[in-house]
Amino acid sequence: MTMWRWARREKRGMVLASGATAVVLGVWVGGCGTTEHWDCPWDPEPGFKDHPCLVPWEEPVDGGAGADACGDAGPDAGDACAEAGAGADFDSATVPGFDPTLRETCTGQCVPREPLGWSEPALVWIGPPDRAPDCPAAAPSVGYEGHADFTAAAPRACPACQCDPPDASCELPAAWNAYAGFPCDVPGAAETPFAAPEGWDGSCTSANAAAAGQMCDGAPCAQSLAIPAPRVLPGSCAPRIAESSEEPEKPDGAGSFAIFARACTGTALAPCADPGMTCTPAPPTGDAAPPEGFLTCIYHEGEQDCPAAYPDRHVFFAGAEDTRGCAPCGCGEPTGGSCSVLASAFSDGACSQLAVGVVVSSDAAFCGTISPGTALGSKSASVVRFDPGACEPTGGEPTGSVTLLGAATFCCRPEPIPDPVPA
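Values in this document were obtained by computation on a predicted structure and should not be read as measured data. (Residues numbered from 1 in each chain as written. Predicted model: local features only at pLDDT ≥ 70, side-chain atom pairs only at ≥ 80, totals over all residues. Heavy atoms only, no water.)

Section: a nonpolar patch on the surface
Working step 1: Taken together, the side chains of Leu342, Val359 and Val384 present a nonpolar region at the surface, about 240 Å² in accessible area.
Working step 2: With respect to the helices and strands, the residue leucine 342 is situated in strand S26 (residues 338–346).
Working step 3: Residue leucine 342 is classed as partly exposed on the basis of its relative accessible area of 33%. (Patch = residues over 30% accessible without salt bridge, like charges linked within 9 Å, V, L, I, M, F, W, Y side chains within 5 Å. Areas by Shrake-Rupley, 256 points an atom, 1.4 Å probe, with all protein chains shown as cover. Salt bridge = Lys/Arg side-chain N within 4 Å of Asp/Glu carboxyl O. Helix = DSSP H or I, 4+ residues; strand = E, 2+ residues; numbered from the N terminus. Buried < 20%, exposed > 50% of the residue type's maximum accessible area, 1.4 Å probe, protein only.)

Right, dumping it as structure tokens:
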């Protein structure tokens, strides 16, 4: 490594400076016989000296005759520098934005500064969760941990839903009527109520009896008898889960991530000479590096596009939320119910002398002839067939989903291309 001189010299009560960095190399010179004090902040032993300071540098930057004259000089080169640059006050190469008083002392790596809104660069390890290393000594603090490559667990099998029969009932017809003609709905025919009491349970009743030979408008009142159709009161169905020989296993968690990421940060580091660069810890190398290694990355919440200086995009998540389940079982309205009743009319008041006996279905009312002038003294009814119907089961279908939470984007510097292995 070539040693290049860097000088900051105090002259006649004024402090004059020159810098030697990646972009500046220069030497101040003064007149012969002038007392000189060389400030050496970059020297391994900084402080004022009586000779120019030496700074390691790989490639010289042409700084003019003064720099060339001092470049190969030894500790006693004060006069040579003075002769080579007599009359010159400053001789250096510069770039816009460079501060000649700023010295690069970054012990890590100088990388492009992060765009507005992004975090400062950090060392990020990406790999299988069981191989995650601790943060390196250069960046010992964990700044972020996240996951990627998620595989959801198989959802729990939802059981089949069924419905118990509805708690329906058959309502007996109560509004019986006798008509002075046939059929029952002949216009103008006299109507004689033969109704049962409200809330009738079908037992024998003599309510609204009609005497034998009773006349209506000059004709026997009882020539036909109308009995309404019984009605199915549907009620509701109770849902239940179909019996299964095996209870379905519940998934153990939402699933798993195959990739783990850990971002490591360090303390504030010294500056870089280039104002567009920032100093960040260098990834560990050699035996200290884990198999997958570390990348230098910047971070932003949410899913973002990456800037050109950090093109390698990775999206990680804080975790996953599993809201999967099964819709609760339910039942629709009952349908298909029917019932039939045996309806009987008697000429006496004790339901012993049968006058009319007929099965009336819930599908249709009854109207039939009876002997004109027959007494209607009592009646009874009983259910002979009842189908409560059925309810269509609802529910039991899978619901919910697995949602990844807390997305974060890491944009990384490209991994360096390894040197070719000699043949």
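From this point on, the discussion continues.
As for the packing of aromatic side chains
Working step 1: Scanning the entire structure with this criterion turns up 7 aromatic pairs.
Working step 2: Their ring planes at 40 degrees and their centres at 5.6 Å tell us that tyrosine 144 and tyrosine 299 sit as a pair that is tilted. Of the two residues, tyrosine 144 is situated in strand S9 (residues 141–152) and tyrosine 299 in strand S21 (residues 294–301); the sequence distance between them amounts to 155 residues.
Working step 3: The partly exposed category is assigned to tyrosine 299, whose relative accessible area is 23%.
Working step 4: Seen from their ring centres, tryptophan 176 and phenylalanine 194 are 6.0 Å apart, and the 70 degrees between their planes marks the pair as edge-to-face. Taken together, the positions of tryptophan 176 in the loop between strand S11 (169–171) and strand S12 (177–179) and phenylalanine 194 in the loop between strand S13 (191–193) and strand S14 (215–216) put the pair 18 residues apart, joining distant regions of the chain.
Working step 5: These aromatic residues form a ring-pair network of at least three members: Tyr144, Tyr299, Phe316 and Phe410.
Working step 6: Looking at lysine 379, its charged tip hangs above the ring of phenylalanine 194, at a distance of 3.8 Å from the centre.
Working step 7: Sitting over the face of the ring of tyrosine 310, arginine 413 holds its NZ or CZ atom 5.6 Å from the ring centroid. (Phe/Tyr/Trp six-rings, centres within 6.5 Å; stacked < 30°, edge-to-face > 60°. Lys NZ or Arg CZ within 6 Å of the ring centre and 35° of its normal.)

Regarding the state of the cysteines
Working step 1: Applying the stated criterion across every chain, the model contains 13 disulfides.
Working step 2: The disulfide partner of cysteine 170 is cysteine 339, and the S-S distance across this bridge is 2.1 Å. Note on the cysteine 170 and cysteine 339 pair: the S-S dihedral is about 65 degrees, so by sign convention the disulfide is right-handed. Placement of the pair is cysteine 170 in strand S11 and cysteine 339 in strand S26, with a sequence separation of 169 residues. Accessibility classification places cysteine 170 together with cysteine 339 in one group, the buried group.
Working step 3: Each disulfide pairs two cysteine sulfurs, and for cysteine 297 the partner residue is cysteine 412, the sulfurs being separated by 2.0 Å. On the S-S bond that ties cysteine 297 to cysteine 412, the torsion sits near 100 degrees, and the link is right-handed. Placement of the pair is cysteine 297 in strand S21 and cysteine 412 in strand S33 (residues 408–412), with a sequence separation of 115 residues.
Working step 4: The exposure class assigned to cysteine 412 is buried, which follows from its relative accessible area of 0%. (Disulfide = S-S within 2.5 Å.)

With respect to the sheet that holds strand S28 (residues 366–369)
Working step 1: One open sheet accounts for 4 strands, arranged S13-S12-S16-S28; its pairing is antiparallel. Every interior strand has two partners, whereas the edge strands, S13 and S28, have only one. When the angles between neighbouring strand axes are averaged without regard to direction, this sheet yields 25 degrees.
Working step 2: In terms of strand pairing, S12 meets strand S16 (residues 224–227) through 3 bridges, oriented antiparallel. Looking at S16, one finds that tyrosine 179 is bridged to serine 224. (Pairing = 2+ DSSP bridges. Axes fitted to C-alpha atoms, helices over the stretch in contact; angles between N-to-C directions.)

Overview of the confidence of the model for the protein
Working step 1: The predicted model of the protein averages 77 in pLDDT, with 71% of residues at 70 or higher.
Working step 2: The secondary structure element of the protein with the lowest average pLDDT is strand S3 (residues 14–17), at 30, and the one with the highest is S33, at 97.
Working step 3: Of the regions scoring below 50 in pLDDT, residues 1–36 engages in 124 contacts with residues more than four places distant in sequence or in other chains. (pLDDT = per-residue confidence, 0-100. Contact = heavy atoms within 4.5 Å.)

Observations regarding the layout of surface pockets
Working step 1: Quantified by volume, the largest pocket comes out at close to 410 Å³.
Working step 2: Along the wall of the largest pocket there are 26 residues; nearest its centre are Glu120, Pro121, Gly266, Cys279 and Thr280.
Working step 3: Top contributing element to the lining of the largest pocket by residue count: strand S20 (residues 277–280), with 4 residues.
Working step 4: Each residue belonging to the lining of the largest pocket can be placed in one class, and the counts come to 16 nonpolar, 7 polar and 3 charged. (1 Å grid on protein atoms, 1.4 Å probe; cavity = no way out; pocket = protein on both sides within 12 Å on 5 of 7 lines; lining within 4 Å. Points joined across faces, edges and corners; volume = space filled by probe spheres on them. Nonpolar A, V, L, I, M, F, W, Y, C, P; charged D, E, K, R; others polar.)

A few points about the environment of alanine 153
Working step 1: Mapped onto the secondary structure, alanine 153 falls in the loop between S9 and strand S10 (161–163).
Working step 2: Judged by relative accessible area, which is 18%, alanine 153 ranks as buried.
Working step 3: A sequence separation of 103 residues divides alanine 153 from serine 256, and the C-alpha atoms of the two residues are 7.5 Å apart.

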